[in-house]
Amino acid sequence: HEQHGGGAEKLGTVNFETSCKAETRADFNRAVALLHSFEFRPASETFTKVLAADPSCAIAHWGLAMCQWGNPFGGIKAGPLLDRGRDAAAKGLATGSPTPRERAYIAAVSELYKDAATVPHRNRTLAYAKAMEAVQRDNPKDVEAKIFYALAVNQTALTTDKTFAAQLQAAQILEPLWQEHPDHPRLPHYII
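Not measured: the values here are computed from a predicted model.

Peer 1: Could you give an account of the packing of helix α3 (residues 58–69) against helix α4 (residues 80–94), with specific residues and numbers?
Peer 2: Direction vectors running N to C along α3 and α4 enclose 165 degrees, while the axes themselves pass 7 Å from each other. One element, α3, and the other, α4, form an angle in the roughly antiparallel class. Seen along the crossing, α3 lies across α4 with a hand that is left-handed. Touching A58, H61, L64, A65, Q68 and W69 of α3 are L81, L82, R84, G85, A88, A89, K91 and G92, all from α4. Considering only residue class, the contact of α3 with α4 consists of eight nonpolar, four polar and two charged.

Peer 1: An account of α4 is requested, with residue identities and associated values reported.
Peer 2: If you check α4, its first and last C-alpha atoms are 21 Å apart, about what 15 residues at 1.5 Å a residue would give, namely 21 Å. Along α4, the positions that sit buried rather than exposed are L81, L82, G85, A88, A89 and G92. The arc enclosing the buried residues of α4, seen along the axis, measures out at 130 degrees, which places them on a common side. Turned more than 90 degrees away from the buried face of α4, the exposed residues are P80, K91 and A94. Buried residues in α4 make contact with α3, α5 (100–113) and α6 (121–138). Just downstream of α4 lies G96, where phi reads positive at about 55 degrees.

Peer 1: I'd like a rundown of unusual backbone geometry, residues and numbers included.
Peer 2: One non-glycine residue, F38, adopts positive backbone phi at about 60 degrees. Here F38 shows up in the loop between α1 (25–36) and α2 (40–53). The residue F164 is not glycine, and still its phi comes out positive at about 55 degrees. Residue classification places F164 among the partly exposed residues on the basis of a relative accessible area of 42%.

Peer 1: How would you sum up the pattern of salt bridges? Please name residues and give values.
Peer 2: Pairs may arise between side chains of opposite charge once their charged atoms sit close together. For the structure shown, the criterion picks out six salt bridges. A salt bridge links D27 to K49; the nearest nitrogen and oxygen atoms lie 3.4 Å apart. On the criterion of sequence distance, the pair formed by D27 in helix α1 and K49 in helix α2 is long-range, its members being 22 residues apart.

Peer 1: Which residues make up the layout of surface pockets, and what are the values?
Peer 2: Within this model, the largest pocket holds a volume of roughly 240 Å³. Together, 13 residues line the largest pocket, and P72, H121, Q155, T156 and A157 are the ones closest to its centre. Tallying contributions element by element places α6 first for the lining of the largest pocket, with three residues. Across the lining of the largest pocket, the residue classes tally to five nonpolar, seven polar and one charged.

The rules behind the values
- Residues numbered from 1 in each chain as written.
- Predicted model: local features only at pLDDT ≥ 70, side-chain atom pairs only at ≥ 80, totals over all residues.
- Heavy atoms only, no water.
- Axes fitted to C-alpha atoms, helices over the stretch in contact; angles between N-to-C directions.
- Helix = DSSP H or I, 4+ residues; strand = E, 2+ residues; numbered from the N terminus.
- Parallel < 35°, antiparallel > 145°, perpendicular 65-115°, else oblique.
- Left-handed = near helix turned anticlockwise from the far one by under 90°.
- Contact = heavy atoms within 4.5 Å.
- Nonpolar A, V, L, I, M, F, W, Y, C, P; charged D, E, K, R; others polar.
- Expected span 1.5 Å × (residues − 1).
- Buried < 20%, exposed > 50% of the residue type's maximum accessible area, 1.4 Å probe, protein only.
- Arc of directions from axis to C-beta.
- Salt bridge = Lys/Arg side-chain N within 4 Å of Asp/Glu carboxyl O.
- 1 Å grid on protein atoms, 1.4 Å probe; cavity = no way out; pocket = protein on both sides within 12 Å on 5 of 7 lines; lining within 4 Å.
- Points joined across faces, edges and corners; volume = space filled by probe spheres on them.

What follows is the structure in structure tokens.
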């Protein structure tokens, strides 16, 4: 993400509204841009920086939980990352006074980790997609909600479905957003 010779970071533009302290806004948006760029370690470090500046920023715990999940197309998740993701989501639900929208994001990511020892990965991703559907429906102007919902839908695609229904549904959500937000850090890659 550094330009050759200049050292300037070029991540694209993200505008994720939060109820966190105003001085954390740039870092939070950078962390979400890093998350979209699959730069999970720097994203996690930046969400942690936001929490250091504003310990009541519940939605930053959502970001940490998303970082633990990593690449949504990276196969079945297992091991300690499930514990870390579950713990981050639980902290988000217990921290500060998140807005209803923020609480819905945190509750949605919680579905990815909920009862992971007994609930199959696919069931959890389907529950996450359903929860993100509600987030984007209840917040129709929230571009990020639409993007994360499209990713959730795509994540549930079965390899045996040769109609590619989930992928086409995700593309129908993402393509208009790319036209409206050409500087978003990941939209063209998600569409591909």
